[in-house]
Amino acid sequence: MSEDFDPTREQNTNDDDELKPKRTLADLEADVSAAVIRDCKLDACVGWFSERIRALRRLAKIEKTADWIKGWPDVTSLAPETAQQVEELRGELKRHLARLMPDEFTEDMDVATDHPDILKRLERNYRSRYAGSPPALDRRIKALLDGLLRSHEVRLPGTHPESQDDHAPPTTAQEEATMGRRYFTEACTRLRTAIENENSSALFACGGSVPVVDRGQSGSADRAAATTTTGPVQVYWSTARSDSTARKLVLPLDGLAPQSSAAALGDLVADCQPASFGRNGEEILDPSYRLAGKIDPSHFASSFHPADFEILQMVENVLLPGISEKDLGREDDGSKPVVSKSARHYRKLHAELYKLNVYSGPSGHFATHVDTPRSESQIGSLVVCLPSQFSGGRLTVRHGGQQKTFDWSEASQSAIQWAAFYSDCEHEIETITEGHRLTLTYNLYITQAPTAKIDASNLVLQPQSFPLYNAVHEIFSNPRFMEQGGVLGMFCSHAYAHTSNDAHVRLPRALKGADLVVYSVLKSLGAEVSVLPVLGDDDRAVCDDWEEAYYNTSMYQGLQTYFKEGGELPKIKTDEFLGAEYGRKYDLDRRWKLLLLIRRVSAVRCGARILHSIDSKRRRNGKAEETVAGRMDEDEAEAKEAEGVVDWSDGHFYRKRGTLVAPRLWPYDTTHYGEHSSMEETTMAAWPFMYLPGITWLNRPKHAEMAFSHVTYGNEAGVGTQYSYAAIFAAIPPFEERKKHLTQ
Ligand SMILES: O=C(O)CCC(=O)C(=O)O
Ligand SMILES: [Fe+2]
């Protein structure tokens, strides 16, 4: 779409009056709202009826004839009892219509003859793809819908008795609104800062060392020393070319025994194969990127085991907060373990030996990379550096603008040193200038039965101990902040395999670092929290309905006429998926409001664009007054002021975009659906999502994951790929409800 596209170009007139729009954006918003509300009410009534009539047919075991597919069966051909039931349902439909739209419908109307429009809707509904088995809605997405609905309901035009604050002097009400808005923006900014601080202080890597002592002197009876120090380490290896007898190396080198000599170390180094690394799914050898040797675990063994030194417990304490000695239920004296089942159950690490690597001076190194996860449950990597003299070779791990460096050269001869970090953290090994840096690498997996029930509020056992807690507590304590409830969205700080088959059982349990803190803090303060995928970048959703609408000529031309000539509002194109189904089981009023909430309406944004074009034309003619362009600029300035915080509070709910959110974690998929369908329909078929307006986003996405691929046809066949982002959503209860969580 070109910025200077000017739809009024062909009009070639200088007459300003002719160019002056007959309607304003506010007119359009009001008209669109009215039209969409009417549509939602109609659809809700029709959907309600349609479900009942379908259930009735199934119950009466009647075949699905054309008659029924129309949703309006001919009662004369039915058994009297069924005919009566159909009539009762029709009566109910009329009552519903008459109640929701008294200006248009009455109870004594004849739907079939007076309202063919309703019959058409009915048939469409009856045929709809999801008519049979609507996807189940889980508790968490319901909480989001509730939160959004509650926070918008008061602002939806025509859904509440107008002028509640008619009695208050208008200026006071206005001031109050402005102050409320200012507070909201300011509170969101503070929240965002608190989350960022949490991100930057959260640990993503840890390390330690185990000094090598001469066991002959320290004595082996000392049990404490057994876990805090180590004797020399033995490494056994074999190679394909050597005979079957294993070779042996004892580290650190003592230069006395043949197996602890420079020659033995030289043998091991010589028996290594060049170490590759993964790039675009391929194993690559590129010494400029990685210069190292490796031995696979099938060809070596060592006397070192991380479990002997409680290294895994230490890593668990840092990378899986929530698991501590205390949480594991050990009494202080270590005697009677009182197992807190939940804590023990949740998050433990399992280490799997992956490689022996040797980085040798003067040029061994490994440039910045991220370790390829070997499975969806891999959460991190553990590197154990065996005692062997070397210089250089610092390991630096980075996450979210922070970094941690492990310099093992100084104690390289005298200790086993180790580091562990989350899998998605970038890291690099600087050049080894001298000696040999030998490491054992382990993949760290999170272990629990994937079916274990999750109550993630317990994951971080003391959410109160985090500074974020105080920030959230304070903000939640203010009735100005989402007084009616609302929804906060935060993109995850770490990457997760969130489009894997079992992601929905692993998350939120596998949340890392600050993500878990955010999750637990919000949860402990009464929010309903979930991790869900978002398609596309916050409000700039993947399926650009704006572009679609822009080029949808009938709507576009209709809107032009609407503005220029004061014509009728064109038919409003809307899109919502899962609409009726998501309203199922709710009462009728809730149902139409839900429809209204999740319906994607692009007419207002399309109209704003058209007005903008007209404005530019008029400006060029030198007669601009207060223009839409000016208003859009103002909006933009306002948005900037909020620094990306999307604020719903102005109530112009068709002017801002919503977010495409999948109602749960879907696995990656591929589809051929794209052949004759729009991108949006294809997305819906492969990866169903909901359009949710009014989420307050506190940050921007960081890690994308492939959501689905689709084969495209048309001029050129190809494969398209859609990405999604894991985000934490918090449905914030209304002030009155959340007060009870704020007592501490
Ligand atoms: O040896 C190290 O410090 C890190 C090794 C590493 O990054 C790897 O093997 O992927
Ligand atoms: Fe690595």
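Treat the numbers as computed from the prediction; the structure is a model and nothing was measured. (Residues numbered from 1 in each chain as written. Chains lettered and ligands numbered in written order. Predicted model: local features only at pLDDT ≥ 70, side-chain atom pairs only at ≥ 80, totals over all residues. Heavy atoms only, no water.)

Visitor: Whenever I open this one, the overall build of the chain confuses me. Can you help?
Guide: Along its length, the chain carries 24 helices and 28 strands. Scored against the burial criterion, the 744 residues of the chain give a buried share of 50%. Taking the contacts inside the chain whose residues are at least 6 apart along the sequence as the reference set, 78% of them involve residues at least 24 apart. (Helix = DSSP H or I, 4+ residues; strand = E, 2+ residues; numbered from the N terminus. Buried < 20%, exposed > 50% of the residue type's maximum accessible area, 1.4 Å probe, protein only. Contact = heavy atoms within 4.5 Å.)

Visitor: How do you make sense of a nonpolar patch on the surface when you look at a structure like this?
Guide: Taken together, Y668, M706 and Y723 make up a surface patch of nonpolar side chains, about 280 Å² in accessible area. Residue placement: M706 occurs in strand 27 (residues 704-712). (Patch = residues over 30% accessible without salt bridge, like charges linked within 9 Å, V, L, I, M, F, W, Y side chains within 5 Å. Areas by Shrake-Rupley, 256 points an atom, 1.4 Å probe, with all protein chains shown as cover. Salt bridge = Lys/Arg side-chain N within 4 Å of Asp/Glu carboxyl O.)

Visitor: In this structure, what is going on with the site of ligand 1? I would like to understand it.
Guide: Taken together, 13 residues are adjacent to ligand 1, and H369, D371, H427, I429 and R437 come closest. One of the side-chain N or O atoms of R290 is found 3.5 Å from an oxygen atom in ligand 1. At 3.1 Å from an oxygen atom of ligand 1 is found a side-chain nitrogen or oxygen belonging to H369. Protein coverage of the free-state accessible area of ligand 1, which is 290 Å², stands at 93%. At the level of elements, strand 10 (348-360), strand 11 (364-369) and strand 17 (426-447) are the ones that each hand at least two residues to the shell around ligand 1. Per-element accounting of the shell around ligand 1 gives the leading share, 5 residues, to strand 17. Looking at side-chain class alone, the shell around ligand 1 contains 5 nonpolar, 5 polar and 3 charged residues. (Near = heavy atom within 4 Å. Polar contact = N/O pair within 3.5 Å; in protein donor to acceptor, adjacent residues only side chain to side chain. Nonpolar A, V, L, I, M, F, W, Y, C, P; charged D, E, K, R; others polar.)

Visitor: Help me out: how do you make sense of helix 11 (residues 262-271) in this one?
Guide: Along an α-helix, a turn takes 3.6 residues, which lines up residues three or four apart on a common side. Within helix 11, the full set of buried residues consists of A264, L265, L268 and D271. The arc that holds every buried residue of helix 11, seen down its axis, measures 125 degrees, which confines them to one face. Facing away from the buried surface of helix 11 by more than 90 degrees, the exposed residues are A262, A263 and A270. Along its buried surface, helix 11 packs onto strand 2 (233-237), strand 3 (247-251), strand 4 (273-274), strand 8 (293-295), strand 10 and strand 17. (Arc of directions from axis to C-beta.)

Visitor: Before we go on, may I ask you to explain the pattern of salt bridges in this structure?
Guide: Side-chain pairs of opposite charge can arise where the charged atoms are in close proximity. Taken as a whole, this structure holds 22 salt bridges when the rule is applied. Between R121 and D39 there is a salt bridge, and its shortest N-O distance comes to 2.8 Å. Remark: D39 occurs in helix 2 (residues 25-59) and R121 occurs in helix 6 (residues 116-127); sequence separation between them is 82 residues. One exposure class covers both R121 and D39, and it is buried. Note that R190 is salt-bridged to E186, the shortest N-O span being 2.8 Å.

Visitor: Help me out: how do you make sense of the coordination of the iron ion (ligand 2) in this one?
Guide: Tetrahedral coordination by four donors places them ideally at 109.5 degrees to one another around the metal; octahedral coordination by six donors ideally gives 90 or 180 degrees. Every protein donor of the iron ion (ligand 2) is listed here as H369 (NE2), D371 (OD) and H427 (NE2), and their distances to the metal cover 2.0 to 2.1 Å. Each donor residue of the iron ion (ligand 2) lies on the same chain, and together they follow the pattern H-x1-D-x55-H. The residues H369 and D371 share a single accessibility class, namely buried. (Donors = N, O, S within 2.8 Å, 3.2 Å for Na, K, Ca; no water.)

Visitor: Is there a simple way to explain the UniProt feature "domain: Fe2OG dioxygenase" (unreviewed entry) in the chain in this structure?
Guide: This chain's UniProt record puts "domain: Fe2OG dioxygenase" (unreviewed entry) on residues 348-446. Annotated as residues 348-446, this span is 0% helix and 70% strand, and its ends, taken at the C-alpha atoms, are 6 Å apart. (UniProt positions renumbered as here; feature names shortened; annotations may be inferred.)

Visitor: Even after reading the chapter, I still don't get the pairing of strand 17, so can you show me in this structure?
Guide: Residues in a regular strand project their side chains so that they alternate between the two faces of the sheet. As judged from the 12 bridges shared by strand 10 and strand 17, these two strands associate in the antiparallel manner. Its bridge partner lying in strand 17, S360 is registered against H436. Summarising the sheet, strand 11 and strand 17 pair through 3 bridges and their orientation is antiparallel. Pairing of H369 across the sheet is with H427, part of strand 17. Here strand 13 (residues 390-392) pairs with strand 17 via 3 bridges, running antiparallel. Residue F390 lies in a different strand from strand 17, and its bridge partner there is G435. Bridge count for strand 14 (residues 395-399) against strand 17 is 4 bridges, and the pairing is antiparallel. (Pairing = 2+ DSSP bridges.)

Visitor: I keep staring at the environment of L100 and nothing clicks. Help me out?
Guide: As for its position among the elements, L100 is in helix 4 (residues 80-100). Its relative accessible area of 9% is what places L100 among the buried residues. Excluding its chain neighbours within four sequence positions, the residues that come into contact with L100 are K41, C45, L588, D589 and W592.

Visitor: When you look at the packing of aromatic side chains in this model, what are you seeing that I'm missing?
Guide: Here a ring pair, both rings aromatic, is described through the centre-centre distance and the interplanar angle of the planes. Counted by the stated rule, this structure contains 12 aromatic pairs. Ring centres of F406 and W408 lie 6.1 Å apart, and the angle between their planes is 45 degrees; on these two criteria the pair is classed as tilted. Neither F406 nor W408 differs from the other in exposure class; each is buried. A connected cluster of aromatic rings, assembled from ring pairs, spans F491, W697, Y725 and F729. K41 extends its terminal NZ or CZ atom over the ring of W592, reaching a point 4.9 Å from the ring centre. (Phe/Tyr/Trp six-rings, centres within 6.5 Å; stacked < 30°, edge-to-face > 60°. Lys NZ or Arg CZ within 6 Å of the ring centre and 35° of its normal.)

Visitor: So what exactly am I meant to see when it comes to the sheet that holds strand 2 here?
Guide: The strands making up a sheet are joined through hydrogen bonds of the backbone, oriented either antiparallel or parallel. Within the open sheet, the 3 strands sit side by side as 3-2-9. Their pairing is antiparallel. With one partner strand each, in any of the chains shown, strand 3 and strand 9 (300-302) form the two edges of the open sheet. On average, each strand axis in the sheet is tilted by 20 degrees relative to the strand beside it, whichever way the strands run. When strand 2 meets strand 9, the two strands line up antiparallel, connected through 3 bridges. Across the sheet, W237 pairs through a bridge with F300, a residue of strand 9. Strands strand 2 and strand 3 of the sheet are contacted by helix 11, whose axis makes an angle of about 120 degrees with strand 3. (Axes fitted to C-alpha atoms, helices over the stretch in contact; angles between N-to-C directions.)

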